[in-house]
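# Report on the structure
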Amino acid sequence: MSFQDKIAWITGASSGIGEALAYKLNNQGAKLIISSRRREALEEVKQKCKNPANVHIITLDLVQTDQLAAKAEEALNIFGHIDYLFNNGGISQRSEVTDTKMEVIRRVMEINFFGTVELTKAVLPSMIERQSGHIVVTSSVMGKFGTRLRSSYAASKHALHGYFDSLRQEVFDDNIKVSLVCPGFIKTNVTKNALEGDGSKHNKMGKGQQNGMPADEFAKKLIPKILKEKEEIYIGGKEIWGVYLKRLFPRLLNKMLRNTEVT
Ligand SMILES: NC(=O)c1ccc[n+]([C@@H]2O[C@H](COP(=O)([O-])OP(=O)(O)OC[C@H]3O[C@@H](n4cnc5c(N)ncnc54)[C@H](OP(=O)(O)O)[C@@H]3O)[C@@H](O)[C@H]2O)c1
């Protein structure tokens, strides 16, 4: 199995993980639709691809959920169908619960959860009709456990697991695969772009991300796991062990996290 001639729609493709994924899939012969809010950044990604002719741009804002059905229609019209929907666009948060405004909590949920859900619902009927498709969702290890300063982010990623685990059951007989991807620390601007409690941009590189896995290495590791149709995927450094500790020794994990710097 390979991505040759497969049609993949990647959200959050203007930087970080989505950008790295776009280059790798384009190298493997996939036809791409790349999306995020910033057209100029997407144009740069397109031009950096080995085969830019195979790359189409659709700008979208995951907060504007009422526009996502039309965006999906536009995407479906480009190549006629979508084999892989990579729901990767997202935003993080760096603030304590008591300092975080409700509007910030809602914004994180809108982008990471409702935007992802809306886009998926818009693409799903075409996959069901073709009895073929693969929905990939970028969650996080924060989708498996929570730490300080990330309450809304962890909640939004946990919500994705509940939703997409359920969807996986519903569409199994339609030959549609669902993969939840849980990165650990990946060296991107995710922390810089994270929201503080008042909604302003955090603008600092997190230590975890600074020392994290390069995004292109992450994408290289991810691709074979997607081709193997893995249902849940963990890629990162030793922080990945938190997933197993949560399952087997949750109190120990909580104690460890209390003593860990989590900026
Ligand atoms: N890096 C890590 O350590 C890490 C770990 C676990 C999970 N993740 C997840 O990985 C995914 C990608 O993040 P990243 O690390 O690559 O960070 P990033 O470099 O900040 O990329 C985030 C992407 O999401 C897009 N985006 C943000 N808000 C959006 C909105 N309202 N509408 C549409 N697109 C939006 C951004 O594009 P525009 O600004 O152009 O809209 C950008 O392309 C996220 O879901 C993140 O939660 C990352």
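Not measured: the values here are computed from a predicted model.

## Concerning the environment of Ser166
Mapped onto the elements, Ser166 comes out in helix H5 (residues 151–170). Taking C-alpha positions, Ser166 is 9.8 Å from Val178, a pair spaced 12 residues apart along the chain.

## Describing a positive patch on the surface
Judged by side-chain charge, Arg37, Arg38, Arg107, Lys192 and Lys201 come together as a positively charged surface patch. Position of Arg37 relative to the elements: it lies in the loop between strand E2 (31–36) and helix H2 (39–48). Judged by relative accessible area, which is 53%, Arg37 ranks as exposed.

## Here's the deal with the packing of aromatic side chains
For the structure on display, the rule yields seven aromatic pairs. For the ring pair Phe113 and Phe114, a centre distance of 5.0 Å and an interplane angle of 70 degrees mean the geometry is edge-to-face. We classify Phe113 as buried; its relative accessible area is 12%. A ring pair is formed by Tyr234 and Tyr244, whose centres lie 5.7 Å apart and whose planes are at 85 degrees; its orientation type is edge-to-face. Taken together, the residues span a long stretch of sequence, with Tyr234 in strand E9 (residues 232–235) and Tyr244 in helix H8 (residues 241–248) at a distance of 10 residues.

## Considering the packing of helix H3 (residues 68–79) against helix H4 (residues 102–130)
Interaxial distance between H3 and H4 falls to 9 Å at its minimum, and their mutual angle equals 45 degrees. Put simply, H3 runs oblique to H4. Helix-helix and strand crossings are classified by hand; for H3 and H4 the assignment is right-handed. Between H3 and H4, the contacting residues are Leu68, Ala69, Ala72 and Leu76 on the first element and Gly115, Glu118, Leu119, Ala122, Val123 and Ser126 on the second. Among the residues making up the contact of H3 with H4, the classes are represented as seven nonpolar, two polar and one charged.

## Some thoughts on the environment of Arg168
Here Arg168 lies in helix H5. Those residues in contact with Arg168 that lie beyond four places of it in its chain are Val178, Leu180 and Glu231. Within the local environment of Arg168, its side chain forms a polar contact with the backbone oxygen of Glu231, the two atoms lying 3.0 Å apart.

## Some points on H2
Listed as buried for H2 are Ala41, Leu42 and Val45. Along the long axis of H2, the arc covered by the buried residues comes to 100 degrees, so they all point the same way. Looking at H2, the residues exposed on the side facing more than 90 degrees away from the buried face are Glu40, Glu44 and Gln47. Tucked inside the fold, the buried residues of H2 contact helix H1 (16–27), E2 and strand E3 (55–59).

The rules behind the values
- Residues numbered from 1 in each chain as written.
- Predicted model: local features only at pLDDT ≥ 70, side-chain atom pairs only at ≥ 80, totals over all residues.
- Heavy atoms only, no water.
- Helix = DSSP H or I, 4+ residues; strand = E, 2+ residues; numbered from the N terminus.
- Patch = residues over 30% accessible without salt bridge, like charges linked within 9 Å, V, L, I, M, F, W, Y side chains within 5 Å.
- Areas by Shrake-Rupley, 256 points an atom, 1.4 Å probe, with all protein chains shown as cover.
- Salt bridge = Lys/Arg side-chain N within 4 Å of Asp/Glu carboxyl O.
- Lys, Arg positive; Asp, Glu negative; His and termini not counted.
- Charge placed at Lys NZ, Arg CZ, Asp CG, Glu CD.
- Buried < 20%, exposed > 50% of the residue type's maximum accessible area, 1.4 Å probe, protein only.
- Phe/Tyr/Trp six-rings, centres within 6.5 Å; stacked < 30°, edge-to-face > 60°.
- Axes fitted to C-alpha atoms, helices over the stretch in contact; angles between N-to-C directions.
- Parallel < 35°, antiparallel > 145°, perpendicular 65-115°, else oblique.
- Left-handed = near helix turned anticlockwise from the far one by under 90°.
- Contact = heavy atoms within 4.5 Å.
- Nonpolar A, V, L, I, M, F, W, Y, C, P; charged D, E, K, R; others polar.
- Polar contact = N/O pair within 3.5 Å; in protein donor to acceptor, adjacent residues only side chain to side chain.
- Arc of directions from axis to C-beta.

That's the geometry; what it means functionally is another story.
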